[in-house]
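# Chains, contacts and geometry: an overview
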Amino acid sequence: MSFHESPVTFVSKIEILVMDIERCRSFYRDILGLKLLMGTESKAVFSADGEAPLLTIEKAGEVVEKKAGSAGLYHMALLLPERADLARFLRHMLKRNYPLQGASDHYVSEAIYLADPEGNGIEVYIDRPTDIWQRDEGEVHMTTEPLDANDLLSDGNDKDWEGMPAGTVMGHIHLQVLELKETERFYCKGLGFNLVNRYGSQAIFVSSGGYHHHIGLNTWQSRGGEPAEKKSPGLKYFTLVLPNEAKRDNTLQRLKGMGTSIEETTGGIFVQDPSGNRIKLATA
């Protein structure tokens, strides 16, 4: 079973606001290797396979400076099909001398971390086979150890990096939130995710279908902060795909029962988590 298609609830695409759209467009196309599906003076839509949108960047209009410690995007995470793809990506980044923020072995996955020119966090990763994942009473065991870069680079020597391969998906999103109690209630009771890992008192990870996580939520830099201003650079919204309309309707009823405001527009149905992170609810 795929963790990024129906009947699982998953993150499909992300939209962010940026200040310098030309600089960011060049980064996502020429450095990260996404394909430009559509571009205007104020917007660019990117894909890995040339068909399915993964990321939209939009030029912020009246820019409001993002406050330190506010909620929002911690990182978006692109999941590659094969380990050799991650090796080629790492080799590509080293050749371009692009600054990396980290490289980690999470036991369930291997990941490389960086940021776009405006500081929006990005993880590029591959999953290890699910049959080696360790589970304990519903939780998935994850670690954060240094990535064995030499071992990774020994893979994928058959060809050079040629951009994000077809089959790349938005594996998960990691958000900065203001607290965890109501956040857990919103994502688990409201949206129907399962709690699969608790990282002390500062972060939780939730998923559907037994994945290690479709959404990470932390208070490392944002505990007690404020929701981000709607016009500030950073996350505009992300799209959650539910298996069908019945699941979406049931989810909306649960959210309404919890007092969550539902916004129905021509662009779709939107809700906000307790920290103000905006979510579009779509169906497969």
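All values reported here derive from a predicted model rather than from experimental measurement.

Before going further, it helps to examine the packing of aromatic side chains. Tallied over the entire structure, the rule returns 11 aromatic pairs. On the basis of an interplanar angle of 20° and a centroid distance of 5.8 Å, the ring pair of Phe-3 and Trp-133 is categorised as stacked. Of this pair, Phe-3 sits in the segment before strand S1 (10-18) while Trp-133 sits in the loop between strand S8 (121-127) and strand S9 (135-136), placing them 130 residues apart in sequence. A residue is classified by how much of its surface remains accessible, and Phe-3, at 13% relative accessible area, is buried.

Let us look at the sheet that holds S1. Taken in spatial order, the eight strands make up an open sheet running S2-S3-S4-S1-S16-S19-S18-S17, and their pairing is mixed. Since the sheet does not close on itself, it has two edges, and those belong to strand S2 (35-39) and strand S17 (263-265), each with one partner. Going across the sheet, the axis of each strand differs from the next one's by a mean of 25°, ignoring polarity. One ladder, built from four bridges, connects strand S18 (residues 268-272) with strand S19 (residues 278-283); its direction is antiparallel. Residue Gln-272 lies in a different strand from S19, and its bridge partner there is Arg-278. Where helix H5 (residues 245-257) meets the sheet, it contacts strand S16 (234-242), S18 and S19, and its direction lies at approximately 145° from that of S19.

The buried fraction of strand S14 (residues 203-207) amounts to five of the five residues, a majority that puts the element mostly inside the structure. Going residue by residue along S14, you find Ala-203, Phe-205 and Ser-207 tucked away on one face and Ile-204 and Val-206 tucked away on the opposite face as well. Bridge count for strand S13 (residues 194-199) against S14 is five bridges, and the pairing is antiparallel. Within the sheet, the bridge partner assigned to Tyr-199 lies in S14 and is Ala-203. Here S13 folds back onto S14 in antiparallel fashion, the turn holding three residues, of which Gly-200 has a positive phi close to 60°.

A word on the nonpolar core. Tyr-28, Leu-32, Tyr-187, Ile-215 and Phe-238 are the most contacted members of the largest nonpolar core, which has 60 residues in total. In contact with Tyr-187, not counting residues within four places along its chain, are Leu-175, Gly-192, Phe-193, Val-206, Ile-215, Leu-217, Phe-238, Asp-273 and Ile-279. Core analysis: the second largest hydrophobic core is formed by 14 residues, Phe-3, Tyr-113, Val-140 and Val-196 among them.

Here we take up unusual backbone geometry. A cis amide bond, omega 15°, links Ser-6 with the succeeding residue Pro-7. Along the chain, Pro-7 turns up in the segment before S1. In this structure, Tyr-107 is a non-glycine residue whose phi angle is positive, near 75°. Mapped onto the elements of the fold, Tyr-107 is located in the loop between strand S6 (102-105) and strand S7 (109-115).

In this section: the pairing of S7. The buried count for S7 comes to seven of seven residues, which makes it a mostly enclosed element. The side-chain alternation of S7 yields two buried faces, one formed by Ser-109, Ala-111, Tyr-113 and Ala-115 and the other by Glu-110, Ile-112 and Leu-114. The pairing of S6 with S7 spans four bridges and is classified as antiparallel. Paired with Ala-103 across the strands is Ile-112, a residue of S7. Connecting S6 to the antiparallel partner S7 that follows it, the hairpin turn spans three residues, and Tyr-107 within it adopts a positive phi of roughly 75°.

Criteria and thresholds
Residues numbered from 1 in each chain as written. Predicted model: local features only at pLDDT ≥ 70, side-chain atom pairs only at ≥ 80, totals over all residues. Heavy atoms only, no water. Phe/Tyr/Trp six-rings, centres within 6.5 Å; stacked < 30°, edge-to-face > 60°. Helix = DSSP H or I, 4+ residues; strand = E, 2+ residues; numbered from the N terminus. Buried < 20%, exposed > 50% of the residue type's maximum accessible area, 1.4 Å probe, protein only. Pairing = 2+ DSSP bridges. Axes fitted to C-alpha atoms, helices over the stretch in contact; angles between N-to-C directions. Contact = heavy atoms within 4.5 Å. Core = buried A, V, L, I, M, F, W, Y, C linked by side-chain atoms within 4.5 Å.

Limitation: the analysis is restricted to geometry and does not speak to function.
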